[in-house]
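Read off the chains here:
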Amino acid sequence: MNTLPVLIRREIWEHRVLWMAPLAVSVLYVLLCFLPNTGVNMGGIDIAEAARAGSPERPVIIFTAVQMVLMGVFYVLMSIVAFFYLSDCLYAERKDRSILFWKSLPVSDTETVLSKLLVALIVLPLGVYVLALITNLAAFGILFTRFGRNPALDSFMRWDTVAWVRLNALLLADVFVFALWFAPVAACQMLISAWAKSSVFLWTVLPPIVLILAERLVFGTTHTGQVLAYRLGSFVWDLAGHRGFGLSAGAHASGLEDVLAGANALPMLTWPSTWIGVAVAAALIFATIRIRRYRDES
Amino acid sequence: MTTVIEARGLTKSFGATRALDGIDFSVEAGRIVGLIGPNGAGKTTALKAILGLTPFEGDLSVLGKNPYSQRDAVMRDVCFIADVAVLPKWLRVSQALDFVAGVHPRFERSRAEEFLRKTDIKMKSHVRELSKGMVTQLHLALILAIDARLLVLDEPTLGLDLLYRRQFYDTLLNDYFDKERTILLTTHQVEEIENLLTDVIFINRGHIALDSAVEGLATRYVQVNVKPDQAVRARELKPFYEREIFGRVAMFFEDRSTDELVPFGEIRTPSIADLFVAKMQGAPA
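A few points on the structure. (Residues numbered from 1 in each chain as written. Chains lettered and ligands numbered in written order. Predicted model: local features only at pLDDT ≥ 70, side-chain atom pairs only at ≥ 80, totals over all residues. Heavy atoms only, no water.)

Looking only at helices and strands, one finds 14 helices and two strands in chain A. When burial is assessed residue by residue, chain A has 47% of its 298 residues classed as buried. Once local pairs closer than 6 in sequence are excluded, the contacts in chain A between residues at least 24 apart make up 82%. Accessible surface, chain A as shown: approximately 14,400 Å² in total, 71% of it carbon and sulfur. (Helix = DSSP H or I, 4+ residues; strand = E, 2+ residues; numbered from the N terminus. Buried < 20%, exposed > 50% of the residue type's maximum accessible area, 1.4 Å probe, protein only. Contact = heavy atoms within 4.5 Å. Areas by Shrake-Rupley, 256 points an atom, 1.4 Å probe, with all protein chains shown as cover.)

Looking now at the packing of aromatic side chains. All names here are of chain A. In total, this model carries 24 aromatic pairs over all chains according to the counting rule given. On the numbers, 4.9 Å between centres and 35° between planes, the contact of F63 with F140 is tilted. Taken as a pair, F63 in helix α4 (residues 58-88) and F140 in helix α7 (residues 109-147) lie far apart in primary sequence, 77 residues in all. As far as burial versus exposure is concerned, F63 and F140 are alike and both buried. (Phe/Tyr/Trp six-rings, centres within 6.5 Å; stacked < 30°, edge-to-face > 60°.)

Below, the discussion takes up the layout of surface pockets. Residues and elements named next belong to chain A. Of the pockets and cavities examined, the largest pocket occupies roughly 1,400 Å³. Going through the elements one at a time, α4, α7, α9 (161-195), α10 (200-218), α11 (223-232) and α14 (272-294) are the ones with two or more residues in the lining of the largest pocket. A per-class count over the lining of the largest pocket returns 38 nonpolar, eight polar and two charged. (1 Å grid on protein atoms, 1.4 Å probe; cavity = no way out; pocket = protein on both sides within 12 Å on 5 of 7 lines; lining within 4 Å. Points joined across faces, edges and corners; volume = space filled by probe spheres on them. Nonpolar A, V, L, I, M, F, W, Y, C, P; charged D, E, K, R; others polar.)

This part covers the packing of α9(A) against α10(A). Residue and element names in this part refer to chain A. Running from amino to carboxyl end, α9 crosses α10 at an angle of 135°, the nearest separation of the two axes being 9 Å. Between α9 and α10, the interaxial angle falls into the category oblique. Relative to α10, the crossing made by α9 is right-handed. The segment α9 lies against α10, with Q189, I192, S193 and W195 engaging V200, W203 and T204. Among the residues making up the contact of α9 with α10, the classes are represented as four nonpolar, three polar and no charged. (Axes fitted to C-alpha atoms, helices over the stretch in contact; angles between N-to-C directions. Parallel < 35°, antiparallel > 145°, perpendicular 65-115°, else oblique. Left-handed = near helix turned anticlockwise from the far one by under 90°.)

Attention now moves to the side chain of T204(A). All names here are of chain A. By the secondary structure assignment, T204 is in helix α10. There is a polar contact of 2.7 Å between the side chain of T204 and the backbone oxygen of V200. Each residue touching T204, except ones within four places of it in the same chain, is listed here: F83, S87, Q189 and I192. (Polar contact = N/O pair within 3.5 Å; in protein donor to acceptor, adjacent residues only side chain to side chain.)

What follows deals with the nonpolar core. Core analysis: the largest hydrophobic core is formed by 74 residues, its most contacted members being F74(A), M157(A), M190(A) and M268(A). Counting residues per element, the ones that place at least two in this core are α2 (17-32), α4, α7, α8 (151-156), α9, α13 (256-261) and α14 of chain A. When residues of this core are assigned to their parent elements, the largest contribution, 17 residues, is made by α7(A). Judged by nonpolar contacts, the second largest core, of 61 residues, contains F99(B), A112(B), A148(B) and L153(B). (Core = buried A, V, L, I, M, F, W, Y, C linked by side-chain atoms within 4.5 Å.)

A few words on unusual backbone geometry. In this model, R97(A) sits at a positive phi of 60°, which is unusual for a non-glycine residue. Taking relative accessible area as the criterion, R97(A) reaches 43% and is therefore assigned partly exposed. Backbone geometry at L63(B) places phi at a positive 50°, although glycine is not the residue there. The residue L63(B) is located in the loop between β4 (57-62) and α2 (71-74) in this model. With a relative accessible area of 14%, L63(B) lands in the buried category.

Listed as interface residues are 25 residues of chain A and, on the opposing side, 33 residues of chain B. Around 2,700 Å² of area is buried between chain A and chain B when both sides are counted, 66% of it from carbon and sulfur atoms. Looking only at chain A, the three residues that lose the most surface to chain B are W13(A), F101(A) and P106(A), adding up to 23% of its buried area. Between D98(B) and R9(A) there is a salt bridge whose closest N-O contact spans 3.2 Å. On inspection of chain A and its partner chain B, the count reaches five residue pairs in polar contact (both at pLDDT 80 or more). Residue contributions to the side of chain A that touches chain B peak at six residues, all from helix α1 (residues 4-14) of chain A. A per-class count over the side of chain A that touches chain B returns eleven nonpolar, six polar and eight charged. (Buried area = accessible area lost by both parts, 1.4 Å probe. Salt bridge = Lys/Arg side-chain N within 4 Å of Asp/Glu carboxyl O.)

Structure follows, in structure tokens:
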């Protein structure tokens, strides 16, 4: 019997922040498109100036970049949501003492733990990806309907189907690449969530800080901090020819190809550190399953 | 007759104290067994071992499997309501049905819905909106709709009023129990389940104090309400427990023929509750 769908539904019922927070951002973004000055001063770029400076490719670059901005906002929000979800996912059922109810049903601990990992790494990002895609379409629909007759808009931003397909195909692939990259972070949080008797947040945040400080005091080095910072964010500077990921790459872009390259995380699949992280994650998840399985909850 | 639970030398220690001290017992299919004992006797520990929730020493097999190492397989045929197995507050009634239907191959949703229709529970309600009695009804509705071979109930009616308790056990007996199913339960309210049980196991300080079919109790145990002037002579037959009631001395005898005892006073079959008290207080400390 395939229990995975209902296990995932349980997570969505229990942790409503998973869908409420992204949905709130999406609604807010669409509402912004109705503001009177939208499209005149978008993203801090003066539309008239942009129109004057316009190269033939520029309207498509802006069109692509606008979608990446929203995706960036969603990524930031999603990492916050995922952080709190992962901290709570194996702790909440122990805190409200419902764990024995879940354990009274024929669902193995392996299935339960893996379903939670899957929610954080695939279901949430995939949901956010689809939401961002729909939100962008809605926003374009509104903007083009409102300002479609204004020639300034056309020279500022132009719908381009090929660019749209290419960008969104890349962003979809990124979901899976990032799932691999962030797997050890998620697994580590889940281990703490399954293990900590209380104060999951402190157990998540304090040990790295203590490690960083201790290393600095004892050896005078900063390797721990660098490894952490690299895994959590600065790895993007190794993408797109060291111009980074997303808009930071786009900002220095000279053409559409450069902008799209900034949305391409596929090169990470060739990095050894990606696969080392996956191996670490597997070990941590194994430990998490054993804790949920064998810990006496009374 | 198939054996559902078989324990040999079942032992569980917490540091220096032995919650279960090498106990032997077995539970046959189609029985309703009451595991009865004072607080801290080892009841819950025994149930947790049976449910694969705690490691143990000795031999224990549930439906032919080791419940600890083969828990996932055992749980396909076993259901339980533990007094601490709380339904999560955020869960809706309809979601509870969806979830169990989604994970349990032998859950019959229509049965649960039919049971819930007889209650005041609404499908859209969250568990947090239900009273304690209604939460237990919901839990019972889920369990009753599962075709399990062994049902384990640990203080299922704790904190419920008499009406809910009576309804709980009536439903269990009338709508659930049959010869294929086995129920193992613990409760402090022994009087209420006396007529329900087919077997009793008394457990005290990690040892089995009594393990018997209920129909066998009447031939083994006799309560005699002895007139005070007969008390000294009756004591020569070594009652294992006595107490005063209304000017008579109620003496409890084990394996004595009624013929021997008739001269001393009114002969009765002790209730399980009385027998429990007698066994617990008469037991050597």
